[in-house]
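Observations on the model geometry
If you want the building blocks of each chain, they are given just below.
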Amino acid sequence: VFPVVLGLLGLGLALRKAAAVSGLPGALVEAMLGMVMGLWAFATLALLAKILRRPAVVLADLKVLPGRAGMAAATMCGMAVAAVIGPYAPAFATGLVVVALALHAALAIALIWILLRGPKEARGVNPSWHLSFVGCIVAAVPLAQLGHLDWAAWVFWLTLPIAAAIWGLSLAQMVARIPPAPLRPLLAVHLSPAALFCGVAVTLGQGQLAFSFALFATVIFLALIASARWIGAAGFSPLWGGITFPLAAYCSALIGMGGVWTQAGLALLVVAALVIPTVAWKVLKLWPGGRLAAKTNAAEA
């Protein structure tokens, strides 16, 4: 459930940025963010209850791809929430982003341990690696907003080479083997780091770097659009939740670039405001009754 919660948080943050430059009603955006935070709090309590009931479910969930993506998205949600509440409670937001970063790092270490102990064929690179090993770039957004530019820069430069390696390995793997249809929606995750690097580079004053990542993210986005029918060949599944946050992050990055980029971002945000809640609703409808857990092979507490 956390990938779509992350997508809704990302949409709210993009709308907040749009409100600052276009005259959208900011109060309405903040109210929407408040509602999404309520959903995040409920999902987080549900996850904590599951972990407290049987702590081993964390490692069990990390053994399957949807579980890895979901657990990584859970800690990334904490970073995104820090960006939401930063203007209202900066001290609490700073504490939250530090805790989220620590938990994300712990999950990444646990995943490496599982991959090394598991069969060799399970170690293949896939887009969800961006979530597990590069997802902490989300923390750079609230850190920069809160004035911790040095911390944000550290996160940026530490995650950049990891993302580059995953992009390169994924491209080589795509050439050698076409991903199966059910897993193709995860290809959208490749857009997320490029968009986030663009947005963080803007806040760090790295204009040329931001422009380069804006172009790179646009190439990925256009490739995804051109391949949309092929990507969705298997029909709807909970993995479509992986589309939501990358789309929101890309809109936010474009809006932050200024000029014609901002106009393109605002136009795309209109589409995102329709697509992201629709996908989120279809995934969330599967949550009651355990249908979502069954479809994603989630571990049971």
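Residues numbered from 1 in each chain as written. Predicted model: local features only at pLDDT ≥ 70, side-chain atom pairs only at ≥ 80, totals over all residues. Heavy atoms only, no water.

**Considering the packing of helix α4 (residues 65-85) against helix α5 (residues 90-117)**
Look at α4 against α5: their axes get within 8 Å of each other, and the N-to-C directions meet at 165°. Relative to α5, α4 is oriented roughly antiparallel. The two elements α4 and α5 meet at a crossing, and its hand is left-handed. Within the contact between the two elements, α4 uses Arg68, Met71, Ala72, Thr75, Met76, Gly78, Met79, Val81, Ala82 and Ile85 and α5 uses Pro90, Phe92, Ala93, Leu96, Val97, Ala100, Leu101, Leu103, His104, Leu107, Leu111 and Leu115. (Axes fitted to C-alpha atoms, helices over the stretch in contact; angles between N-to-C directions. Helix = DSSP H or I, 4+ residues; strand = E, 2+ residues; numbered from the N terminus. Parallel < 35°, antiparallel > 145°, perpendicular 65-115°, else oblique. Left-handed = near helix turned anticlockwise from the far one by under 90°. Contact = heavy atoms within 4.5 Å.)

**Details of the packing of helix α10 (residues 207-226) against helix α12 (residues 244-257)**
Helix-helix packing is described using two parameters, namely the angle between the two axes and the distance between the axes. At a minimum axis distance of 11 Å, the contact between α10 and α12 shows a crossing angle of 140°. It follows from the interaxial angle that α10 and α12 lie oblique. Crossing of α10 over α12 shows left-handed handedness. Across the interface between the two elements, Ala210, Phe211, Ala214, Ala217, Thr218 and Phe221 of α10 pack against Leu247, Tyr250 and Met257 of α12.

**Points about unusual backbone geometry**
In this model, asparagine 297 sits at a positive phi of 55°, which is unusual for a non-glycine residue. Here asparagine 297 is to be found in the segment after α14 (291-295). When its relative accessible area of 55% is taken as the criterion, asparagine 297 is described as exposed. (Buried < 20%, exposed > 50% of the residue type's maximum accessible area, 1.4 Å probe, protein only.)

**Remarks on a positive patch on the surface**
A contiguous patch of positive charge, built from Lys282, Lys285, Arg291 and Lys295, is present on the exposed surface. As for its placement among the helices and strands, lysine 285 is situated in the loop between α13 (259-284) and α14. Taking the relative accessible area as the measure of exposure, lysine 285 reaches 42% and is therefore partly exposed. (Patch = residues over 30% accessible without salt bridge, like charges linked within 9 Å, V, L, I, M, F, W, Y side chains within 5 Å. Areas by Shrake-Rupley, 256 points an atom, 1.4 Å probe, with all protein chains shown as cover. Salt bridge = Lys/Arg side-chain N within 4 Å of Asp/Glu carboxyl O. Lys, Arg positive; Asp, Glu negative; His and termini not counted. Charge placed at Lys NZ, Arg CZ, Asp CG, Glu CD.)

**With respect to helix α1 (residues 2-22)**
Its 21 residues give α1 an end-to-end C-alpha distance of 30 Å, which sits within 8% of 30 Å, the value for a rise of 1.5 Å per residue. Burial analysis of α1 places 16 of its 21 residues in the buried class, the great majority of the element. Glycine 23 sits one or two positions beyond α1 and adopts a positive phi of about 85°. (Expected span 1.5 Å × (residues − 1).)

**Some points on the pattern of salt bridges**
When the charged atoms of two side chains lie near each other, side chains of opposite charge can form a pair. With the rule as written, the count across this model stands at 2 salt bridges. Arginine 16 serves as the salt-bridge partner of glutamate 30, at 2.9 Å between the closest nitrogen and oxygen. A residue pair is termed long-range when its members are at least 10 positions apart, and glutamate 30 in helix α2 (residues 26-53) and arginine 16 in helix α1 qualify at 14 residues. Note on glutamate 30: relative accessible area 24%, which makes it partly exposed. Salt-bridge contacts for aspartate 61 lead to lysine 50; the nearest nitrogen and oxygen are separated by 3.1 Å. Residue aspartate 61 is found in helix α3 (residues 57-61), and its partner lysine 50 is found in helix α2; the two are separated by 11 residues along the sequence. Given a relative accessible area of 6%, aspartate 61 falls into the buried group.

**Focus on the packing of aromatic side chains**
Under the counting rule described, the total for this entry stands at 10 aromatic pairs. Aromatic side chains tryptophan 129 and phenylalanine 133 sit 5.6 Å apart centroid to centroid with 85° between the ring planes, which places their arrangement in the edge-to-face category. Taken together, the residues tryptophan 129 and phenylalanine 133, both in helix α6 (residues 128-134) and 4 residues apart, mark about one turn of the helix. Between tryptophan 167 and phenylalanine 197 the ring centres are 6.3 Å apart and the planes differ by 75°, which places this aromatic pair in the edge-to-face class. (Phe/Tyr/Trp six-rings, centres within 6.5 Å; stacked < 30°, edge-to-face > 60°.)

**Remarks on the nonpolar core**
Counting 106 residues, the largest nonpolar core has Ile137, Phe197 and Leu269 as its most contacted members. With 15 residues, α4 is the largest single contributor of residues to this core. Sequence-distant contacts of leucine 269, that is, excluding residues within four places in its chain, are made with Leu11, Ala14, Leu15, Ala18, Cys251 and Ile255. (Core = buried A, V, L, I, M, F, W, Y, C linked by side-chain atoms within 4.5 Å.)

**Some thoughts on the environment of isoleucine 85**
With respect to the element layout, isoleucine 85 can be found in helix α4. Overall, isoleucine 85 belongs to the buried group, its relative accessible area being 11%. Sequence separation between isoleucine 85 and methionine 37 is 48 residues; the distance between their C-alpha atoms is 9.5 Å. Setting aside residues no more than four positions away along its own chain, isoleucine 85 makes contact with Met37, Pro90, Phe92, Ala93 and Leu96.

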